[in-house]
Amino acid sequence: MNQPTVPSRSSSAERSGKSGSKGKGNGNGAGKRPRKGKKKLALVWLFFIVLIAIVCAVVGYLLVILNGERILNANINKLNLDKASIVVDRNGTEVAKLYNAEGNREFAPISTIPKVVQDAFVATEDKRFYEHNGVDLLGIGRALVKDVIARSAVEGASTITQQLAKNLFLNADKTIFRKGTEASIALALEQKMTKPEILELYLNRIYFGKGQYGVKTAAKYYFDVDDLEELELWQIATLAGMPKAPNTYNPIRNPEKSMERRSVVLKLMYDQGLITEKEKEAAAKEVYKPSKASQVDDKYLAFLDYVLDEAQEKTNLTEEELRSAGYIITTTLDTKAQTIAEKEFANAERFEKSVDEQIVQGAMVIMNQHDGSLVAMVGGRDYKAQGWNRAVKQRQPGSSFKPIIDYGPALETGNYFPWSTVQDVKQCFGDYCPSNSNRNQYLGAIPMSQAIKESRNVSAVWLLNEIGIGKGLEFANRLGIELGKEDRNLSIALGGLTHGVTPLQMARAYSAFANGGKLYEPHSVLKIEDVNGKSIYEFNEKPEQVMKETTAHYVTELLSGVVQKGGTGTRAAISGRTVVGKTGTTQAGIPNLRTSKNRDVWFVGYTPELTASVWFGYDKTDKDHLLDGSSGQAASMFSAVMSKVLEGYKKKSFPVPSGVQEEEEQKLDAVSGLMVSYSPETVSVDLLWTAVPGEEITYRIYRKEAAEQEFKMMAEVEGTTYDDMALLPDQTYTYYVTAYQASKSLESEPSDQQTITVTSGMETTPPTGEEGEETIPPVETGEPTETTEPPIEVPGESPSQTPTPSEGVPPPETSESPSPDIPVTEGDDGTVPLVGTFPQ
């Protein structure tokens, strides 16, 4: 009988293993063979998987290359086939071409482009340009890590070659497929062209803003430099910083941001060993001055710039794509209104004369409140394309902010009416002590209509304190003006804001008053169509009801008095038209400078047809650049422009909503029969008067000493008698009493005044009636100078110390939090500490 073979024993062991045996084998190693077999099998599978992966990668790479080469070969001649986009007005008439390829690019061979210029762009846009083959995998990896950390797409990774591929051959679709195609074209370009050739094409194709394509054209336009060898380092760095966002980093339009971006480029060049630290520091300090080539006379420039900004925001297209893709952009522009406004702003006689080359500036926005369309926009007297658009730059609004933060919110509560009484009494609110101007004495209890007509500061602050700061902030927010925690103080009652507001924001806010409380989004673009007539954007936003119709009506009623005789805005009146509005003036606000001159002047107003805001002031305010006049000059500009613009508009009237109450129904009778007498027993002056009919009537007692200019409220009582014990000997006191109904915020006209003198022996002279009293001076007629409000300054920093980044194009005047020592009113000798806590 034959012995079993080894394989038989192995098979037995395998069967034993399958049955779950844990034996160690037969001692000759047969038990280990299965594990070696499995390892070999795994290695075989791994080999084939890796092989397949390599094959797929190679095939995929070849497909990408072939796709890129296919696109490249089919479009290699499409180097300059851009079609100008067209802007038309509201009637469909062409008003501008956004891009003209024939005049905005001059080709520069790579041999004429200095190496430092090439290095600056490579260092900024793609520092591994000479190392990768069109797609920077390391850069993509770094970008992905940063995106993961930030949890959003914050980092781009396009190489110079990819940017060139996108600009030359692709549309604006921001999709993964397009990014893949962009990479494939980049790889194909690297196969067909040398690095210098790619860089040459890139530097001649790239967009530098303001319709300028290519580094040579941009050097001419921004610096008047024809030979690129003559460019200085700071100019090179400025140009190299622009491709990332030409509109944002344009040195004409945003000199401050351009300067910041230039510093970033210089640091990159320094970090990569291209320049020395001394060169970096010197180039960073240079201040840009607009070149002669950039100062081109043209029409509607501020409006067209705003159109471009809005179109970019609504479509997510770049400025370059909007300019050169053949779009038709239909706007809200009224060319007649725009021409009228530009002509008036070009009239030097409408502005004060400056002591030097820095002229008094101004801005104006005209808006149709019935649909939110922007009719016209002036960005400045000497506005240049993509320049410093003052219509969208922040300034301190002064009293023009009172309807937004004080009177509008109070009327919205339903507890106040235009005839409701407010207090015009010299007083402090905590540590905050506002004042009226020197020309305005304090009148005590006055109607709200009088307070706003004469722009009385104390009344505005008193009213905001009564309703609570929270209500004022919430109302302003509904009108599109969002204020932060740093503005939660009573100085906002007088327009003392941390960052200010823009003329556009003010026009928008007032448009809601003019439109029955309905607020539209201000817009300059109606629709955008591509070259095939397909609509890619159309304005269709609906209005929002941001306040009660009655509130809008009452604010309009209040503001009508401002333009009438005795108001601060009489110069805004237009013959044959209904005009309402509010003036605004802010003081110089320069430390250690006592002056009656002003920093900003405003008029914001509306008719039943249109709303407009006007601002005047200097771009850079210092002791030599302040306004001698007040808001009357802004009101005059409003009248000059709007009187001509409205000639083409049919006259309308403001609608009267249901639920409006008439003043006569809400008026309280004046207190009568006031008598005063001295009581030796109680050492007091006793007052007695006749009761006023009505429910829940209380009485307010006002007194002033002979040496005082204004009355102060002594007390509020329910009965018809009051004993004044706060007396001094040898003093003369004058009293009057008013009736007050808290439920309707109504206060009657003052009673007859009664005067009594307390002698040193505490004897009294007989009280006198109206013939012997010291009367309140009458309100001045004509056009009074309105109360002015303070600008907001950065604590510890004088506005005159603020650096100017460019001549004629300085930065906006913004600040951090309100300073506690800001003067509030014209002629106020004190300081204005801010209050910490207020009623909400």
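The preceding data block contains the structure.
Treat the numbers as computed from the prediction; the structure is a model and nothing was measured.

### Things to note about the state of the cysteines
So, point 1. The full count for this structure, using the stated rule, is one disulfide.
So, point 2. A sulfur-sulfur separation of 1.9 Å characterises the disulfide bridge that pairs Cys428 with Cys433. The sign of the 105° torsion about the S-S bond sets the Cys428-Cys433 disulfide as right-handed.
So, point 3. On the basis of relative accessibility, which here comes to 45%, the residue Cys428 falls in the partly exposed class.

### Some thoughts on the pairing of strand S15 (residues 672-679)
So, point 1. Summarising the sheet, S15 and strand S16 (residues 684-690) pair through six bridges and their orientation is antiparallel. Following the sheet pairing, Ser672 is matched in S16 by Thr690.
So, point 2. In sequence, S15 turns back onto S16 through a hairpin of four residues, with Val683 there showing a positive phi of about 50°.

### Brief notes about the sheet that holds strand S19 (residues 721-724)
Strand-to-strand pairing in sheets goes through backbone hydrogen bonds, with the strands running parallel or antiparallel.
So, point 1. Ordered in space as S15-S16-S19, the three strands form an open sheet in which the pairing is antiparallel. In this open sheet, the two strands that pair with only one neighbour each are S15 and S19. When the angles between neighbouring strand axes are averaged without regard to direction, this sheet yields 15°.
So, point 2. Sheet topology places S16 next to S19; four bridges connect them, and they run antiparallel. When the bridges of S19 are listed, Leu687 appears paired with Tyr722.

### Section: the nonpolar core
So, point 1. If you look at the biggest cluster of nonpolar residues, it comprises 107 residues, and the most contacted ones within it are Ile404, Leu687 and Trp689.
So, point 2. The element best represented in this core is helix H19 (residues 503-514), accounting for eight residues.
So, point 3. Those residues in contact with Leu687, other than ones at most four positions away along the chain, are Leu674, Met675, Val676, Ile701, Thr720, Thr721, Tyr722, Tyr735 and Val737.
So, point 4. Among the nonpolar cores identified, the runner-up in size contains 44 residues, and Ala108, Leu199, Trp234 and Met242 belong to it.

### Thoughts on the packing of aromatic side chains
So, point 1. Taken as a whole, this structure holds 19 aromatic pairs when the rule is applied.
So, point 2. When the centroid spacing of 4.6 Å and the interplanar angle of 35° are considered together, the rings of Phe351 and Phe616 count as tilted. Residue Phe351 is found in the loop between helix H14 (335-345) and strand S4 (361-367), and its partner Phe616 is found in strand S14 (residues 611-617); the two are separated by 265 residues along the sequence.
So, point 3. Given the relative accessible area of 7%, Phe351 is considered buried.

### Focus: the sheet that holds strand S5 (residues 374-378)
So, point 1. Strands sit in the order S5-S4-S14-S13-S12 across an open sheet of five strands; the sheet is antiparallel. Looking along the sheet, the strands with just one partner apiece sit at the ends: S5 and strand S12 (580-587). On average, adjacent strands in this sheet sit at an angle of 5° to one another, irrespective of strand direction.
So, point 2. Each of S4, S5 and S14 touches H14; the most contacted strand, S5, lies at about 20° to it.

### Brief notes about the environment of Ser354
So, point 1. As for its placement among the helices and strands, Ser354 is situated in the loop between H14 and S4.
So, point 2. Taking C-alpha positions, Ser354 is 8.7 Å from Asp624, a pair spaced 270 residues apart along the chain.
So, point 3. In contact with Ser354, not counting residues within four places along its chain, are Ile359, Tyr618 and His625.
So, point 4. Separated by 2.6 Å, the side chain of Ser354 and the backbone oxygen of Gln358 make a polar contact.

### Here's the deal with unusual backbone geometry
So, point 1. One non-glycine residue, Asp224, lies in positive phi territory at about 55°.
So, point 2. Examined against the element boundaries, Asp224 turns out to sit in the loop between helix H8 (215-223) and helix H9 (233-240).

### Section: the pattern of salt bridges
So, point 1. Counted under the stated rule, the structure contains 25 salt bridges.
So, point 2. The partner of Arg390 in a salt bridge is Asp619, with the nearest N and O atoms 2.8 Å apart. Here Arg390 is found in the loop between S5 and helix H15 (402-412), whereas its partner Asp619 is found in the loop between S14 and helix H21 (632-645), with 229 residues between them in sequence.
So, point 3. Between Lys597 and Asp628 there is a salt bridge, with its nearest N and O atoms 3.3 Å apart. Of this pair, Lys597 sits in the loop between S12 and strand S13 (598-606) while Asp628 sits in the loop between S14 and H21; the two residues are 31 residues apart in sequence, bridging distant segments of the chain.
So, point 4. Here the salt bridges share partners, and the residues they tie into one network are Glu344, Arg350 and Lys644.

### Remarks on H14
So, point 1. Residues Ala337, Gln338, Ile340, Ala341, Glu344 and Phe345 constitute the buried set of H14. Taken end-on, H14 shows its buried residues confined to a sector of 160°, consistent with a single buried face.
So, point 2. If you follow the buried residues of H14, they end up packed against helix H12 (301-315), S4, S5, S14 and H21.
So, point 3. Near the N-terminus of H14, the side chain that reaches the backbone nitrogen of Lys336, with its oxygen 3.1 Å away, is that of Asp334.

Each value, and the rule that gives it
- Residues numbered from 1 in each chain as written.
- Predicted model: local features only at pLDDT ≥ 70, side-chain atom pairs only at ≥ 80, totals over all residues.
- Heavy atoms only, no water.
- Disulfide = S-S within 2.5 Å.
- Buried < 20%, exposed > 50% of the residue type's maximum accessible area, 1.4 Å probe, protein only.
- Pairing = 2+ DSSP bridges.
- Helix = DSSP H or I, 4+ residues; strand = E, 2+ residues; numbered from the N terminus.
- Axes fitted to C-alpha atoms, helices over the stretch in contact; angles between N-to-C directions.
- Core = buried A, V, L, I, M, F, W, Y, C linked by side-chain atoms within 4.5 Å.
- Contact = heavy atoms within 4.5 Å.
- Phe/Tyr/Trp six-rings, centres within 6.5 Å; stacked < 30°, edge-to-face > 60°.
- Polar contact = N/O pair within 3.5 Å; in protein donor to acceptor, adjacent residues only side chain to side chain.
- Salt bridge = Lys/Arg side-chain N within 4 Å of Asp/Glu carboxyl O.
- Arc of directions from axis to C-beta.

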